[in-house]
Amino acid sequence: MRGVHDGESSVNVEHTDWEECDDTPAGGSVVKLEGQSEAVSTEEPQAGCSEEKDCDTLQQGVQQQDEEENVDTFFSTMGHRFSDIELEDGSGIPTEPFLESCYAIVPVLDKLGPTVFAPVKIDFVGNIKKINQKYISDPENFTTLQKIVLYEVETNMAQVRNSATEALLWLKRGLKFLKEFLAEVNNGEKNIYAALNNAYGKTLRQYHGWVVRGVFALALRAAPSYEGFAAALVSNEGDQRKAGFSKGMHRDLDVYLPAMENQLAILDAMYEEYSLESDEVV
(Lines give C-alpha, C1' and ligand atoms only; values in the text may rest on other atoms or scores of the structure.)
Protein backbone atom coordinates (compact mmCIF):
# COMPACT_ATOMS: atom_id res chain seq x y z
CA MET A 1 0.00 0.00 0.00
CA ARG A 2 2.38 2.65 -1.25
CA GLY A 3 -0.05 5.55 -1.35
CA VAL A 4 -2.20 7.65 -3.65
CA HIS A 5 -0.26 7.31 -6.72
CA ASP A 6 -0.51 3.46 -7.21
CA GLY A 7 -26.91 -9.77 46.82
CA GLU A 8 -28.83 -11.00 49.40
CA SER A 9 -27.29 -12.19 52.75
CA SER A 10 -27.35 -15.96 53.40
CA VAL A 11 -27.71 -17.94 56.63
CA ASN A 12 -26.10 -21.33 57.05
CA VAL A 13 -28.37 -23.83 58.75
CA GLU A 14 -27.05 -27.17 59.89
CA HIS A 15 -29.55 -29.83 58.89
CA THR A 16 -30.04 -33.34 60.18
CA ASP A 17 -31.27 -36.12 57.95
CA TRP A 18 -34.43 -35.39 55.99
CA GLU A 19 -37.07 -38.11 56.05
CA GLU A 20 -39.71 -38.62 53.42
CA CYS A 21 -43.33 -38.77 54.58
CA ASP A 22 -46.17 -40.14 52.47
CA ASP A 23 -48.96 -38.24 54.26
CA THR A 24 -47.67 -34.76 53.54
CA PRO A 25 -50.70 -32.51 53.09
CA ALA A 26 -51.08 -30.66 49.81
CA GLY A 27 -49.15 -27.43 49.74
CA GLY A 28 -47.02 -28.38 52.77
CA SER A 29 -43.94 -30.37 53.66
CA VAL A 30 -42.87 -32.49 56.57
CA VAL A 31 -39.64 -31.73 58.36
CA LYS A 32 -38.39 -33.93 61.18
CA LEU A 33 -35.63 -32.44 63.26
CA GLU A 34 -33.62 -34.25 65.87
CA GLY A 35 -35.35 -34.12 69.27
CA GLN A 36 -38.60 -32.75 67.85
CA SER A 37 -41.86 -34.29 66.78
CA GLU A 38 -43.06 -34.08 63.21
CA ALA A 39 -44.28 -30.65 62.26
CA VAL A 40 -46.27 -29.76 59.22
CA SER A 41 -45.42 -26.62 57.35
CA THR A 42 -48.53 -25.10 55.91
CA GLU A 43 -46.73 -22.41 53.94
CA GLU A 44 -47.58 -22.27 50.27
CA PRO A 45 -44.67 -22.86 47.89
CA GLN A 46 -43.01 -19.64 46.82
CA ALA A 47 -43.99 -18.52 43.35
CA GLY A 48 -40.38 -18.29 42.22
CA CYS A 49 -39.65 -21.87 43.20
CA SER A 50 -42.22 -23.69 41.11
CA GLU A 51 -40.82 -26.28 38.71
CA GLU A 52 -42.65 -24.77 35.75
CA LYS A 53 -41.28 -21.32 36.40
CA ASP A 54 -37.78 -22.68 37.00
CA CYS A 55 -37.96 -24.50 33.68
CA ASP A 56 -39.03 -21.35 31.83
CA THR A 57 -36.22 -19.37 33.45
CA LEU A 58 -33.70 -22.02 32.48
CA GLN A 59 -34.90 -22.05 28.87
CA GLN A 60 -34.72 -18.28 28.67
CA GLY A 61 -31.19 -18.38 30.05
CA VAL A 62 -30.11 -20.98 27.48
CA GLN A 63 -31.74 -18.99 24.67
CA GLN A 64 -30.02 -15.80 25.76
CA GLN A 65 -26.68 -17.59 25.99
CA ASP A 66 -27.12 -19.00 22.48
CA GLU A 67 -27.88 -15.52 21.13
CA GLU A 68 -24.79 -14.10 22.79
CA GLU A 69 -22.55 -16.86 21.49
CA ASN A 70 -23.89 -16.87 17.93
CA VAL A 71 -23.48 -13.29 16.75
CA ASP A 72 -21.97 -13.47 13.27
CA THR A 73 -19.38 -10.88 12.30
CA PHE A 74 -17.85 -9.92 8.99
CA PHE A 75 -14.96 -12.28 9.70
CA SER A 76 -17.17 -15.33 10.22
CA THR A 77 -19.22 -14.73 7.06
CA MET A 78 -16.55 -13.61 4.56
CA GLY A 79 -16.12 -15.96 1.63
CA HIS A 80 -12.36 -16.42 1.83
CA ARG A 81 -10.18 -16.23 4.94
CA PHE A 82 -6.47 -16.57 5.60
CA SER A 83 -7.40 -19.04 8.34
CA ASP A 84 -8.91 -21.33 5.68
CA ILE A 85 -5.72 -21.51 3.61
CA GLU A 86 -3.87 -24.82 3.70
CA LEU A 87 -0.15 -24.33 3.23
CA GLU A 88 1.66 -26.62 0.84
CA ASP A 89 4.88 -28.51 1.56
CA GLY A 90 7.68 -26.25 2.67
CA SER A 91 5.21 -23.60 3.90
CA GLY A 92 4.19 -22.83 0.34
CA ILE A 93 1.40 -20.24 0.26
CA PRO A 94 -1.09 -21.16 -2.50
CA THR A 95 -1.42 -18.17 -4.80
CA GLU A 96 -5.11 -18.21 -5.68
CA PRO A 97 -6.52 -18.74 -2.14
CA PHE A 98 -4.17 -16.07 -0.81
CA LEU A 99 -5.25 -13.49 -3.38
CA GLU A 100 -8.91 -14.37 -2.80
CA SER A 101 -8.39 -13.78 0.93
CA CYS A 102 -6.80 -10.43 0.14
CA TYR A 103 -9.78 -9.42 -1.97
CA ALA A 104 -12.11 -10.57 0.83
CA ILE A 105 -10.61 -8.15 3.36
CA VAL A 106 -10.92 -5.10 1.07
CA PRO A 107 -14.45 -4.28 2.38
CA VAL A 108 -12.86 -3.41 5.74
CA LEU A 109 -11.41 -0.33 4.02
CA ASP A 110 -14.90 0.57 2.78
CA LYS A 111 -16.25 0.21 6.31
CA LEU A 112 -13.61 2.64 7.53
CA GLY A 113 -14.65 5.20 4.92
CA PRO A 114 -15.30 4.47 1.23
CA THR A 115 -14.30 7.99 0.19
CA VAL A 116 -11.31 8.91 2.35
CA PHE A 117 -9.80 5.44 2.13
CA ALA A 118 -10.38 5.16 -1.62
CA PRO A 119 -6.70 5.88 -2.51
CA VAL A 120 -5.57 3.20 -0.07
CA LYS A 121 -8.07 0.74 -1.50
CA ILE A 122 -7.04 1.49 -5.09
CA ASP A 123 -3.39 0.85 -4.30
CA PHE A 124 -4.19 -2.30 -2.30
CA VAL A 125 -6.38 -3.78 -5.05
CA GLY A 126 -3.87 -2.71 -7.72
CA ASN A 127 -1.16 -4.80 -6.12
CA ILE A 128 -3.49 -7.81 -5.90
CA LYS A 129 -4.22 -7.47 -9.63
CA LYS A 130 -0.53 -7.28 -10.57
CA ILE A 131 0.20 -10.53 -8.74
CA ASN A 132 -2.90 -12.15 -10.22
CA GLN A 133 -1.80 -11.18 -13.75
CA LYS A 134 1.48 -12.98 -13.16
CA TYR A 135 -0.34 -15.98 -11.74
CA ILE A 136 -2.76 -16.42 -14.63
CA SER A 137 0.10 -16.16 -17.13
CA ASP A 138 1.25 -19.60 -15.96
CA PRO A 139 -1.06 -21.02 -13.27
CA GLU A 140 0.48 -24.49 -13.46
CA ASN A 141 3.93 -23.25 -12.47
CA PHE A 142 2.92 -20.33 -10.26
CA THR A 143 0.86 -22.35 -7.78
CA THR A 144 2.47 -20.63 -4.78
CA LEU A 145 3.62 -17.08 -4.08
CA GLN A 146 7.11 -18.39 -3.47
CA LYS A 147 7.29 -19.86 -6.97
CA ILE A 148 6.34 -16.50 -8.49
CA VAL A 149 8.97 -14.62 -6.52
CA LEU A 150 11.70 -17.20 -7.13
CA TYR A 151 10.98 -17.15 -10.85
CA GLU A 152 11.39 -13.38 -10.95
CA VAL A 153 14.56 -13.61 -8.87
CA GLU A 154 16.06 -16.14 -11.26
CA THR A 155 15.09 -14.08 -14.32
CA ASN A 156 16.32 -10.80 -12.78
CA MET A 157 12.81 -9.34 -12.80
CA ALA A 158 12.27 -9.11 -9.04
CA GLN A 159 13.65 -5.57 -8.77
CA VAL A 160 11.87 -4.33 -11.89
CA ARG A 161 9.19 -1.73 -11.27
CA ASN A 162 5.64 -3.12 -11.32
CA SER A 163 6.91 -6.69 -11.03
CA ALA A 164 4.84 -9.22 -9.08
CA THR A 165 7.61 -9.28 -6.47
CA GLU A 166 7.34 -5.53 -5.92
CA ALA A 167 3.54 -5.73 -5.84
CA LEU A 168 3.70 -8.47 -3.20
CA LEU A 169 6.11 -6.36 -1.17
CA TRP A 170 3.58 -3.53 -0.93
CA LEU A 171 0.64 -5.88 -0.56
CA LYS A 172 2.14 -7.53 2.51
CA ARG A 173 2.87 -4.10 3.98
CA GLY A 174 -0.76 -3.15 3.46
CA LEU A 175 -1.89 -6.39 5.05
CA LYS A 176 0.32 -5.70 8.05
CA PHE A 177 -1.39 -2.33 8.46
CA LEU A 178 -4.82 -3.96 8.48
CA LYS A 179 -3.62 -6.75 10.78
CA GLU A 180 -2.22 -4.30 13.33
CA PHE A 181 -5.41 -2.21 13.20
CA LEU A 182 -7.64 -5.25 13.77
CA ALA A 183 -5.33 -6.43 16.57
CA GLU A 184 -5.75 -3.04 18.28
CA VAL A 185 -9.54 -3.39 18.08
CA ASN A 186 -9.40 -7.01 19.24
CA ASN A 187 -7.31 -5.93 22.23
CA GLY A 188 -10.02 -3.51 23.33
CA GLU A 189 -9.20 -0.20 21.64
CA LYS A 190 -12.53 1.60 21.13
CA ASN A 191 -11.05 4.70 19.53
CA ILE A 192 -10.86 3.83 15.84
CA TYR A 193 -8.65 6.82 15.04
CA ALA A 194 -6.15 5.75 17.72
CA ALA A 195 -6.20 2.14 16.48
CA LEU A 196 -5.56 3.23 12.89
CA ASN A 197 -2.88 5.74 13.87
CA ASN A 198 -1.03 3.17 15.99
CA ALA A 199 -1.21 0.61 13.19
CA TYR A 200 0.02 3.12 10.63
CA GLY A 201 2.95 4.10 12.82
CA LYS A 202 4.00 0.46 13.20
CA THR A 203 3.78 -0.42 9.52
CA LEU A 204 3.40 1.95 6.58
CA ARG A 205 4.57 5.29 7.94
CA GLN A 206 8.27 4.54 7.58
CA TYR A 207 7.85 3.98 3.84
CA HIS A 208 5.89 7.17 3.18
CA GLY A 209 7.16 10.65 2.42
CA TRP A 210 5.49 13.75 3.83
CA VAL A 211 2.97 13.99 0.96
CA VAL A 212 1.60 10.49 1.38
CA ARG A 213 1.70 10.84 5.17
CA GLY A 214 -0.50 13.90 4.77
CA VAL A 215 -3.01 11.91 2.73
CA PHE A 216 -3.11 9.24 5.40
CA ALA A 217 -3.48 11.84 8.14
CA LEU A 218 -6.62 13.19 6.45
CA ALA A 219 -8.03 9.69 6.05
CA LEU A 220 -7.39 8.81 9.68
CA ARG A 221 -9.12 11.96 10.93
CA ALA A 222 -12.25 10.88 9.07
CA ALA A 223 -12.31 7.50 10.80
CA PRO A 224 -15.75 6.40 12.03
CA SER A 225 -16.75 5.96 15.65
CA TYR A 226 -16.39 2.52 17.18
CA GLU A 227 -20.19 2.16 17.13
CA GLY A 228 -20.28 3.01 13.42
CA PHE A 229 -17.47 0.61 12.57
CA ALA A 230 -19.01 -2.17 14.66
CA ALA A 231 -22.38 -1.68 12.96
CA ALA A 232 -20.67 -2.28 9.61
CA LEU A 233 -19.24 -5.59 10.80
CA VAL A 234 -22.49 -7.44 11.58
CA SER A 235 -24.85 -9.32 9.31
CA ASN A 236 -28.02 -8.33 11.16
CA GLU A 237 -28.80 -4.73 12.09
CA GLY A 238 -28.46 -4.16 15.80
CA ASP A 239 -26.28 -7.20 16.48
CA GLN A 240 -23.39 -4.90 17.40
CA ARG A 241 -25.35 -3.87 20.50
CA LYS A 242 -25.68 -7.43 21.75
CA ALA A 243 -23.35 -8.74 24.44
CA GLY A 244 -22.38 -11.51 22.05
CA PHE A 245 -20.87 -9.10 19.52
CA SER A 246 -17.68 -8.61 21.50
CA LYS A 247 -17.43 -12.36 22.06
CA GLY A 248 -18.00 -12.95 18.36
CA MET A 249 -15.27 -10.53 17.37
CA HIS A 250 -12.78 -12.16 19.73
CA ARG A 251 -13.83 -15.61 18.53
CA ASP A 252 -13.32 -14.75 14.87
CA LEU A 253 -10.24 -12.55 15.09
CA ASP A 254 -8.47 -14.96 17.45
CA VAL A 255 -8.52 -17.41 14.54
CA TYR A 256 -8.19 -15.03 11.61
CA LEU A 257 -5.29 -12.84 12.77
CA PRO A 258 -2.80 -15.58 13.78
CA ALA A 259 -3.21 -17.27 10.38
CA MET A 260 -2.72 -13.94 8.63
CA GLU A 261 0.34 -13.17 10.74
CA ASN A 262 1.87 -16.58 10.07
CA GLN A 263 1.61 -16.19 6.30
CA LEU A 264 3.07 -12.69 6.43
CA ALA A 265 5.97 -14.00 8.51
CA ILE A 266 6.65 -16.66 5.86
CA LEU A 267 6.75 -13.97 3.16
CA ASP A 268 8.98 -11.74 5.29
CA ALA A 269 11.47 -14.59 5.72
CA MET A 270 11.60 -15.17 1.97
CA TYR A 271 12.08 -11.48 1.19
CA GLU A 272 14.87 -11.27 3.75
CA GLU A 273 16.56 -14.39 2.41
CA TYR A 274 16.72 -12.99 -1.10
CA SER A 275 17.33 -9.37 -0.02
CA LEU A 276 14.09 -8.17 -1.58
CA GLU A 277 13.10 -5.70 1.13
CA SER A 278 13.45 -2.03 0.35
CA ASP A 279 13.69 1.13 2.46
CA GLU A 280 12.63 3.30 -0.44
CA VAL A 281 10.27 6.08 0.58
CA VAL A 282 7.39 7.04 -1.69
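Remember, it's a predicted structure, so these values are computed and weren't measured experimentally. Numbering of residues begins from 1 in every chain and follows the order in which that chain's sequence is written. Owing to the predicted nature of the model, reporting of local features is limited to residues with pLDDT of at least 70; listing and counting of side-chain atom pairs is limited to 80 or more, with chain, interface and lining totals taken over all residues. Hydrogens and water molecules were not included; the side-chain quantities draw on all heavy atoms of the structure.

## Digging into the overall build of the chain
And then number 1: The way it works is that DSSP assigns letters per residue, a run of H or I at least four long becomes a helix, a run of E at least two long becomes a strand, and they are numbered from the N terminus. Across its full length, the chain holds eleven helices and two strands.
And then number 2: Starting at the N terminus and ending at the C terminus, the chain contains elements arranged as β-β-α-α-α-α-α-α-α-α-α-α-α.
And then number 3: Three labels apply to residues, based on accessible area from a 1.4 Å probe with only protein chains included: buried if under 20% of the type maximum, exposed if over 50%, partly exposed otherwise in between. Residues classed as buried in the chain amount to 38% of the 282 residues present.
And then number 4: Surface exposure here means Shrake-Rupley accessible area, sampled with a 1.4 Å probe, where a residue is shielded only by the protein chains that are shown. Carbon and sulfur atoms provide 47% of the accessible area of the chain, an area that totals close to 16400 Å².

## Points about helix H11 (residues 243-273)
And then number 1: An expected span of 1.5 Å times one less than the residue number is assigned to each helix. Relative to the 45 Å expected for 31 residues at 1.5 Å per residue, H11 spans 46 Å between its end C-alpha atoms, a close match to the ideal helical length.
And then number 2: For H11, the principal kink sits at Leu253 and spans about 30°.
And then number 3: Looking one or two residues beyond H11, the residue adopting positive phi is Ser275, at roughly 55°. Here the bend at a residue means the angle between the axes of two seven-residue stretches, the one that ends at it and the one that starts at it.

## Quick notes on the confidence of the model for the chain
And then number 1: Chain-level pLDDT for the chain is 84 on average; 76% of the residues reach the 70-or-more range.
And then number 2: Each residue carries a pLDDT score, the predictor's own confidence in it, on a scale running from 0 to 100. Throughout, a residue-residue contact means that at least one pair of heavy atoms, one from each residue, lies within 4.5 Å. Confidence drops under pLDDT 50 across residues 3-42; counting only partners more than four residues distant or on other chains, this segment forms 36 contacts.

## Considerations on the nonpolar core
And then number 1: We define a nonpolar core as any set of buried Ala, Val, Leu, Ile, Met, Phe, Trp, Tyr and Cys residues linked to one another through side-chain atoms lying within 4.5 Å. Of all hydrophobic cores here, the largest spans 68 residues; its most connected members are Phe75, Phe98, Leu175 and Phe181.
And then number 2: The element that contributes the greatest number of residues to this core is H11, accounting for twelve residues.
And then number 3: If we skip the residues at most four places from it in the chain, Phe181 touches Leu112, Ile192, Ala195, Leu196, Ala199 and Phe229.

## Some thoughts on the packing of aromatic side chains
Centre distance and the angle of the planes are the two values used to describe a pair of aromatic rings.
And then number 1: Here a pair means two rings of Phe, Tyr or Trp (six-membered ring of Trp) with centres within 6.5 Å. Their orientation is stacked below 30 degrees between planes, edge-to-face above 60, and tilted elsewhere. All chains considered together, the criterion is met by nine aromatic pairs.
And then number 2: A ring pair is formed by Trp170 and Tyr207, whose centres lie 6.2 Å apart and whose planes are at 75°; its orientation type is edge-to-face. With Trp170 in helix H7 (residues 164-186) and Tyr207 in the loop between helix H8 (192-202) and helix H9 (210-221), this pair connects stretches of sequence that are 37 residues apart. One exposure class covers both Trp170 and Tyr207, and it is buried.
And then number 3: Here the aromatic cluster, defined as three or more aromatic residues joined through ring pairs, consists of Phe74, Phe75, Phe82, Phe98 and Tyr256.
And then number 4: Charge-over-ring placement is defined geometrically: NZ (Lys) or CZ (Arg) within 6 Å of the ring centre, and within 35 degrees of the ring normal. Over the ring of Tyr207 we find Arg173, and its NZ or CZ is 3.5 Å from the ring centre.

## Details of unusual backbone geometry
And then number 1: Phi at Asn156 is positive, roughly 55°, even though this residue is not glycine.
And then number 2: Position of Asn156 relative to the elements: it lies in the loop between helix H6 (145-154) and H7.
And then number 3: One non-glycine residue, Ser275, lies in positive phi territory at about 55°.
And then number 4: Here Ser275 is to be found in the segment after H11.
And then number 5: Classification of Ser275 by relative accessible area gives exposed; the value is 56%.

## Considering the environment of Asp279
And then number 1: Topologically, Asp279 is positioned in the segment after H11.
And then number 2: It is 8.2 Å that separates the C-alpha atoms of Asp279 and Gln206, two residues lying 73 residues apart in sequence.

## Description of the packing of helix H3 (residues 95-105) against H11
And then number 1: Where H3 contacts H11, the axes come no closer than 13 Å and their chain directions differ by 125°. Compared by their axis directions, H3 and H11 come out oblique. When you trace H3 past H11, the crossing you get is left-handed. Every residue of H11 that contacts H3 at Phe98, Ser101 and Ile105 is listed here: Tyr256, Met260, Gln263 and Leu267. Lines fitted to C-alpha atoms define the axes here, with helix axes fitted over just the stretch in contact, and angles between the N-to-C directions of these axes take values from 0 to 180 degrees. These descriptions rest on fixed angle ranges, namely under 35 degrees for roughly parallel, over 145 for roughly antiparallel, 65 to 115 for roughly perpendicular, and the rest for oblique. Each crossing is labelled by how the near helix is turned from the far one, with a counterclockwise turn of less than a right angle marking it left-handed and a clockwise turn marking it right-handed.

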